[in-house]
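# Per-entry structural report
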Amino acid sequence: MASIVRKIISSKKVPKAPAPYNQAVVADRTVYLSGVLGMELESLKLVDGGAPAQTAKALENLTLLLKESGSGVDKVVKTTILLANMDDYAAVNDEYKRVFSSNFPARTCFAVNKLPLGAAVEIEAIALTGEVIQVST
């Protein structure tokens, strides 16, 4: 049986995980990104401005992690968005569409009781690496 490479991704461009998990793991040609918050690298604090600003920053951090993993937003196949308040759904979608503007990945979005650090939003993703051919039906 052939071996599969499992590569741990730890980027200095994105705030480190405040708990015992990795920022991302590449298994074969699939990237699994842990939940990303809208945190500033320097201060390790959430950005001001609530859900819209935190979503924009989380997506910026997510994009940097994808690049470090050998992937990109165009290769994301699934995202999961966790919201502290479902009333932020529309504002989060507005920011999300700035990054994912076409050929949207599959997605799940739901409200949770509480997020780490009191965040308004957390986003995780699964993506591919290498050459990806987009086909629509």
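In the nomenclature of an unreviewed UniProt entry, the protein chain is known as Ribonuclease UK114 of Culex quinquefasciatus. For the record of the protein chain, the UniProt heading Sequence similarities (unreviewed entry) holds the text "Belongs to the RutC family."

## Looking at the sheet that holds strand β4 (residues 76–83)
Sheets are built from strands paired through backbone hydrogen bonds, the pairs being either parallel or antiparallel. Spatial ordering of the open sheet is given by β1-β2-β3-β6-β4-β5, a layout of six strands whose pairing is mixed. At either margin of the open sheet sits one strand with a lone partner, and together these are β1 (6–9) and β5 (106–111). Along the sheet, successive strands turn relative to each other by an average axial angle of 10°, direction set aside. Bridge analysis of β1 against strand β2 (residues 24–27) gives four bridges, and the strand direction is antiparallel. Note on β2: the bridge partner recorded for Ile9 is Ala24. Sitting on the sheet, helix α1 (residues 50–68) is in contact with β1, β3 (30–36), β4 and β6 (121–128), with an inclination near 25° to β6. Helix α2 (residues 89–99) contacts β4, β5 and β6 of the sheet and is inclined by roughly 150° relative to β4.

## Quick look at a nonpolar patch on the surface
Residues Met86, Tyr89 and Phe110 make up a contiguous nonpolar surface patch of roughly 260 Å² in combined accessible area. Within the element layout of this structure, Met86 appears in the loop between β4 and α2. Overall, Met86 belongs to the partly exposed group, its relative accessible area being 36%.

## Comments concerning α1
Its 19 residues give α1 an end-to-end C-alpha distance of 27 Å, which sits within 8% of 27 Å, the value for a rise of 1.5 Å per residue. By the burial criterion, the buried members of α1 are Ala51, Gln54, Thr55, Lys57, Ala58, Leu59, Asn61, Leu62, Leu65 and Leu66. Buried residues belonging to α1 abut β1, β3, β4, α2 and β6.

## Looking at the nonpolar core
By size, the foremost hydrophobic cluster in this structure holds 25 residues, and its most contacted members are Leu33, Leu62, Ile81 and Ile123. At the level of elements, β2, β3, α1, β4, α2 and β6 are the ones that each hand at least two residues to this core. With six residues, the single largest contributor to this core is α1. Grouped together as the second largest cluster of nonpolar side chains are six residues, Leu37, Leu46, Leu115 and Ala119 included.

Here is what the cut-offs are and how they apply
- Every chain is numbered independently, its residues counted from 1 as its sequence is written.
- Local features are withheld for residues below a pLDDT of 70 in this predicted model, meaning they are given only at 70 or higher, and side-chain atom pairs are given and counted only at 80 or more; totals for whole chains, interfaces and linings count all residues.
- Working from all heavy atoms in the structure, the side-chain values ignore hydrogens and water.
- UniProt positions are given in the numbering used here, feature names are shortened, and annotations may be inferred rather than shown by experiment.
- At least two DSSP bridges between two strands are needed for those strands to be called paired.
- Helix and strand assignments come from DSSP, with helices taken as H or I runs of at least 4 residues and strands as E runs of at least 2, each series counted from the N terminus.
- All axes here are fitted lines through C-alpha atoms, helices being fitted over the stretch that makes contact, and every angle between N-to-C directions spans 0 to 180 degrees.
- The contact rule is simple, with two residues in contact once any of their heavy atoms fall within 4.5 Å.
- Candidate patch residues must exceed 30% relative accessible area and have no salt bridge, after which like charges are joined if within 9 Å and Val, Leu, Ile, Met, Phe, Trp or Tyr side chains if within 5 Å.
- Accessible surface area values rest on a Shrake-Rupley calculation with a 1.4 Å probe, where residue burial reflects the displayed protein chains alone.
- Any carboxyl oxygen of Asp or Glu within 4 Å of a side-chain nitrogen of Lys or Arg constitutes a salt bridge here.
- Relative accessibility thresholds used throughout: buried, under 20% of the residue-type maximum; exposed, over 50%; partly exposed, between the two (1.4 Å probe, protein chains only).
- Multiplying 1.5 Å by the residue count of a helix minus one yields the expected span of that helix.
- Put simply, a nonpolar core is a bunch of buried Ala, Val, Leu, Ile, Met, Phe, Trp, Tyr and Cys residues held in one set by side-chain atoms that sit within 4.5 Å of each other.

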